[in-house]
Amino acid sequence: MKRYLTKLLSEVLGGMFENGQISALPAFNFDIPKESFGDYSTNVAMIIASEGKFQPNDVAEIIAREISELDQSSKKMIKEVKVVSGFVNIFVSKEAAAENVLDLTGDIKIDQIGSGKKVVFEYSSPNTNKPLHIGHTRNDVFGMACINLLKVTGHDVVSCEVINDRGIHIMKSMLMYMQYGKGETPESTNEKPDHFVGRFYAMFEKENQKKTDDKQTPLEKEAQELLQKWEAGDKAVRELWQKMNTWFYEGVKQTYLSEGSSFDEVQRESEIYDKGRDLVMQGVLMGVFVKEEDGSVSVDLTNAGLDKKYLLRKDGTTIYITQDLYLWYLRNEKHKPDLAVVTTSSEQAYHFQVLTKLFELMKFSWAGSFKHLPYEHVYLGKEKMSSRLGNTVSADDLLVQTKQRVAQVMESSLKIKGSVDDDALLQTIAYGAIKYGYLKYDRNTKIYFDLEETVAIEGNTGPYLQYTYARIKSILSKAGDVVKEAPIDLSEKTELALVRHLMHYDETVVNASRDFRPTAVCSYLFELASKFNSFYDQVSVLNAETEKQKQQRLVLLLSVANVLKHGLSLLGIKTVEQM
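This one's a predicted model, so the numbers in the text were calculated from it and none came from an experiment. (Residues numbered from 1 in each chain as written. Predicted model: local features only at pLDDT ≥ 70, side-chain atom pairs only at ≥ 80, totals over all residues. Heavy atoms only, no water.)

### Examining the overall build of the chain
On a plain count of helices and strands, the chain comes out with 22 helices and 14 strands. Principal axes of the C-alpha set define a box for the chain whose edges measure 80 × 65 × 35 Å. Here the chain holds 579 residues, and the buried ones make up 53% of them. Residue pairs at least 24 apart in sequence account for 74% of intrachain contacts in the chain once pairs closer than 6 positions are excluded. Roughly 27,000 Å² of accessible area belongs to the chain as shown, and the carbon and sulfur atoms make up 47% of that amount. Within the chain, one finds 71 positive and 81 negative side-chain charges whose respective centroids are separated by 1 Å. (Helix = DSSP H or I, 4+ residues; strand = E, 2+ residues; numbered from the N terminus. Buried < 20%, exposed > 50% of the residue type's maximum accessible area, 1.4 Å probe, protein only. Contact = heavy atoms within 4.5 Å. Areas by Shrake-Rupley, 256 points an atom, 1.4 Å probe, with all protein chains shown as cover. Lys, Arg positive; Asp, Glu negative; His and termini not counted. Charge placed at Lys NZ, Arg CZ, Asp CG, Glu CD.)

### So, the sheet that holds strand 5 (residues 156-163)
In space, the five strands of this open sheet follow the order 6-5-4-10-11, with parallel pairing throughout. Of all strands in the sheet, those with a lone pairing partner are strand 6 (265-268) and strand 11 (370-375), marking the two edges. Taken pair by pair, the neighbouring strands of this sheet meet at an average axis angle of 20°, ignoring direction. Here strand 4 (residues 118-122) pairs with strand 5 via five bridges, running parallel. Of the residues in strand 5, the one forming a bridge with Phe-121 is Ser-159. Most of the contacts of helix 14 (residues 349-361) go to strand 11, to which it runs at about 175°, and overall it touches strand 10 (339-345) and strand 11. (Pairing = 2+ DSSP bridges. Axes fitted to C-alpha atoms, helices over the stretch in contact; angles between N-to-C directions.)

### A closer look at the environment of Tyr-273
Mapped onto the secondary structure, Tyr-273 falls in the loop between helix 11 (269-272) and helix 12 (277-286). Under the relative-accessibility criterion, Tyr-273 is labelled buried at 15%. Separated by 208 residues in the primary sequence, Tyr-273 and Asp-481 have C-alpha atoms spaced 61 Å apart. Leave out the neighbours within four places in its chain, and Tyr-273 touches Arg-166, Trp-230, Thr-318 and Gln-323.

### Concerning the sheet that holds strand 8 (residues 297-300)
With antiparallel pairing, the three strands of this open sheet are ordered in space as 7-8-9. At either margin of the open sheet sits one strand with a lone partner, and together these are strand 7 (290-291) and strand 9 (308-312). In this sheet, strand 8 lies alongside strand 7 in antiparallel orientation, the contact comprising two bridges. Looking across to strand 8, one finds that Val-290 is bridged to Ser-298. Most of the contacts of helix 12 go to strand 9, to which it runs at about 125°, and overall it touches strand 7, strand 8 and strand 9.

### Quick look at the packing of helix 19 (residues 493-502) against helix 22 (residues 547-570)
In the contact formed by helix 19 and helix 22, the axes pass within 11 Å of each other and the chain directions differ by 40°. By the angle between their axes, helix 19 is oblique relative to helix 22. As helix 19 packs across helix 22, the resulting crossing turns out to be left-handed. In this structure, helix 19 uses Glu-495, Leu-498, Val-499 and Leu-502 to contact helix 22, whose residues at the interface are Arg-553, Leu-556, Ser-559, Val-560 and Val-563. Looking at the contact of helix 19 with helix 22 residue by residue, the classes come out as six nonpolar, one polar and two charged. (Parallel < 35°, antiparallel > 145°, perpendicular 65-115°, else oblique. Left-handed = near helix turned anticlockwise from the far one by under 90°. Nonpolar A, V, L, I, M, F, W, Y, C, P; charged D, E, K, R; others polar.)

### Re helix 18 (residues 462-479)
Because each turn of an α-helix spans 3.6 residues, side chains separated by three or four positions end up pointing in the same direction. Between its first and last C-alpha atoms helix 18 spans 26 Å; for 18 residues at 1.5 Å apiece the expected length is 26 Å, and the two agree. Among the 18 residues that make up helix 18, 13 are buried, leaving the element largely enclosed by the rest of the structure. Note on helix 18: the residue one or two positions beyond its end, Gly-480, has a positive phi of about 80°. (Expected span 1.5 Å × (residues − 1).)

### Side note on the nonpolar core
Formed by 126 residues in total, the largest nonpolar core has its most connected members in Ile-63 and Phe-121. When residues in this core are grouped by element, the largest group, 11 residues, is from helix 22. In this structure, Ile-63 is in contact with Leu-9, Val-12, Leu-13, Met-16, Val-44, Ala-45, Ile-48 and Val-88, ignoring residues within four places of it in sequence. Among the nonpolar cores identified, the runner-up in size contains 32 residues, and Phe-289, Leu-301, Phe-364 and Ala-367 belong to it. (Core = buried A, V, L, I, M, F, W, Y, C linked by side-chain atoms within 4.5 Å.)

### Examining the pattern of salt bridges
Counting across every chain of the model gives 28 salt bridges. As a salt-bridge pair, Arg-3 and Asp-506 come within 3.2 Å of each other at their nearest N and O atoms. Here Arg-3 is found in helix 1 (residues 2-18), whereas its partner Asp-506 is found in helix 20 (residues 505-515), with 503 residues between them in sequence. The salt bridge involving Arg-199 is made with Glu-191; its shortest N-O contact spans 2.8 Å. Counted as one network, the salt bridges with shared partners bring together Arg-3, Asp-111 and Asp-506. (Salt bridge = Lys/Arg side-chain N within 4 Å of Asp/Glu carboxyl O.)

### Re the packing of aromatic side chains
The description of two aromatic rings rests on the distance between their centres and on the angle between their planes. By the definition in use, this model includes 26 aromatic pairs. On the numbers, 5.3 Å between centres and 75° between planes, the contact of Phe-196 with Phe-200 is edge-to-face. Of this pair, Phe-196 and Phe-200 both sit in helix 8 (residues 193-207), four residues apart, which is roughly one turn of that helix. The residues Phe-196 and Phe-200 share a single accessibility class, namely buried. Arranged with centres 5.1 Å apart and planes meeting at 90°, the rings of Phe-196 and Trp-247 form a pair that is edge-to-face. In this pair, Phe-196 is assigned in helix 8 and Trp-247 in helix 10 (residues 235-259), connecting sequence segments 51 residues apart. (Phe/Tyr/Trp six-rings, centres within 6.5 Å; stacked < 30°, edge-to-face > 60°.)

### Topic: unusual backbone geometry
Even without glycine at this site, Ser-125 takes up a positive phi of about 50°. Tracing the chain through its elements places Ser-125 in the loop between strand 4 and helix 5 (134-152). Unusually for a residue other than glycine, Lys-336 sits at a positive phi of about 50°. Among the structural elements, Lys-336 can be located in the loop between helix 13 (320-335) and strand 10. Accessibility expressed as a relative area gives 60% for Lys-336, which makes it exposed.

### A few points about the state of the cysteines
Going through the model one piece at a time under the given rule, you end up with zero disulfides. Cys-522 provides the cysteine sulfur closest to Cys-146, a residue in no disulfide bond, and the two sulfurs are 11 Å apart. Given the relative accessible area of 1%, Cys-146 is considered buried. Residue classification places Cys-522 among the buried positions, given a relative accessible area of 1%. (Disulfide = S-S within 2.5 Å.)

Now the structure itself:
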C-alpha cells in the first residue's frame, strides 16, 4: 500500500513542479499515525510551505484533492484523505485493506528495494583459542537477521567471516597444551573440541597470576617466543597450531550448525596477515602515508579528529589494521559490491573509523560504500563478561541452560502442552527465546541477560510469539478448510486493529532492512501477537454468528499466522505447529 501511495504522491508533486506551483521536488515519507488520524500520514505540505510562499494547510488541501482524484481514476484504494494542521492523512478503503489481508495468506512478497544490488556482509569472526560465548551470540544472531532482511528485500548477499587464527592469544592456548596437555585430545577427554582448546586458554590466565615485577611475566615471554617461532615457520609449532585450530573448527562448526549460522566465504588471518604491506607502500608512494626514520609507516589523522596510526612496524611487519585494509580491498576487488558491511562490538568502533578514513585516503572507489555496525555488550547481571576472568557463558552452555529452563516452564505451565521429552521442540523454543531476547533490543543498547525474562511465555519474548503462532494453528486445524476470500465485512474494533496492523508489514520489513534494524521486526511481531490475542479473547471465531463471518475471521487468522512465521524466520527463529 505504501508503494502505491508513494507513486500517487510522486505524480502529484511532479505535476505541481511542472506547473510552477513548487520550485523543487521535496523528499517525503509516509508515517503511521494514531488510528484516528488515518492509516498513513505525510508532512510533505509543511516541507513545501517552509519556503515561506504558502500556508501548510493550503498546500495540503491541493495534495489531498489530487491524490484522491488520481486514486479514483485508477485502483480506488483510498477511502478518504483528510488535512489536519498541515498533515495529509490517508484512510485506506476497507476493500483494499481486506485484499491485503488475503494476499498475506499465501507467499508473502516484500518490496524488492535491493534488486540488482550486491552486499558483502561480515559477521561472527571468532578467535580459535576458545568457544563462542554469549557476546559472540549477539553478533551471530544480529548478523544472520540482517542478512535475512537484505535477502528478502532482493539484495544479493555474500556472507563472510574472517577467523582470527594467529597471534599471541592462540600461542597462550598452545603453550599450556605443550606444558599440561599430556597428549590429550577432545576424544580422550570427551569434550567438545572448541571447549577443549578453550580450557587451555583459561589455564594460561590462571597460571599467569604469578606475576613478577617485569613488564612481561615469564609465561607471557614464553608465549611471545612461541609466536616468533610460528612466524619463522617452526615445523613443530606449526603442526601443533594446525592441530589445535582443527579442533576449534570442529567444535565451532557444531555451534554454527545448531544456531543456524552459515558463510559463503571464509578468510583466515594466517592467510592474509602479511598481504597488506604492498597496499601500505602504495600509500607511501601516493604521499598519504609516511615512512618514519626507523622504518615504520604511519599516517597522521588528527585533522580528521583521529590520532596518528602506525600501519607497519619498524621491522616491516603488519598490524591488525593493515590486515583489515587488505581484507576489504580483496573483498571489494573480488565481489564489487554496492555495499560492504561488518558488525562487531562497539569496542572496535574507533578501529573502523580509522579504517574507513584509510579507504578514503587511498582513493578506493568503494570507500563510501563501507559500513560498520557496532553493537553494545552483553552482561551477566551487571557484570561485563571476560574470557580471561572466566566469567563468560559459552554459546553452547547458554543453549543448555535455556533448554533446561524452557523444560521447567513447560512443566509448570497450564498453557503449553508440548512434551519436555521432545528435545527438538525444547531446542526450537530455546533458540526462539535466545535470538528474540537479543534482537528485541537495538544494537546500541547494552543487554543485561536475564534467563527468566527471556524464556517467559508471557510478554515480549520469543516463546510468546511461538506460542501465539501455535495457538492460531490449533484453531485453524479445528476449523478445517478455509475459504480464502477477502474479509471485507470485518467490523469489530479488534478485527480492524489487526487488519490495519497487517497492512504495515511490508514497509516494516523494508525499513528494517534499509536501517539494519531487526528490532523493528520484533516490535511489529509483538504488537501483532498482542492484537491477535486481544481479538481472540473478545471475538468468537469458530462459533461466529454466520458461516461467512467465521470464514472471514479464519482468513484473518491465517494471515496473522503467516506473517508471524515469515517475520520470525527473518529473525532466524523457527515456529512450532503445536506448543
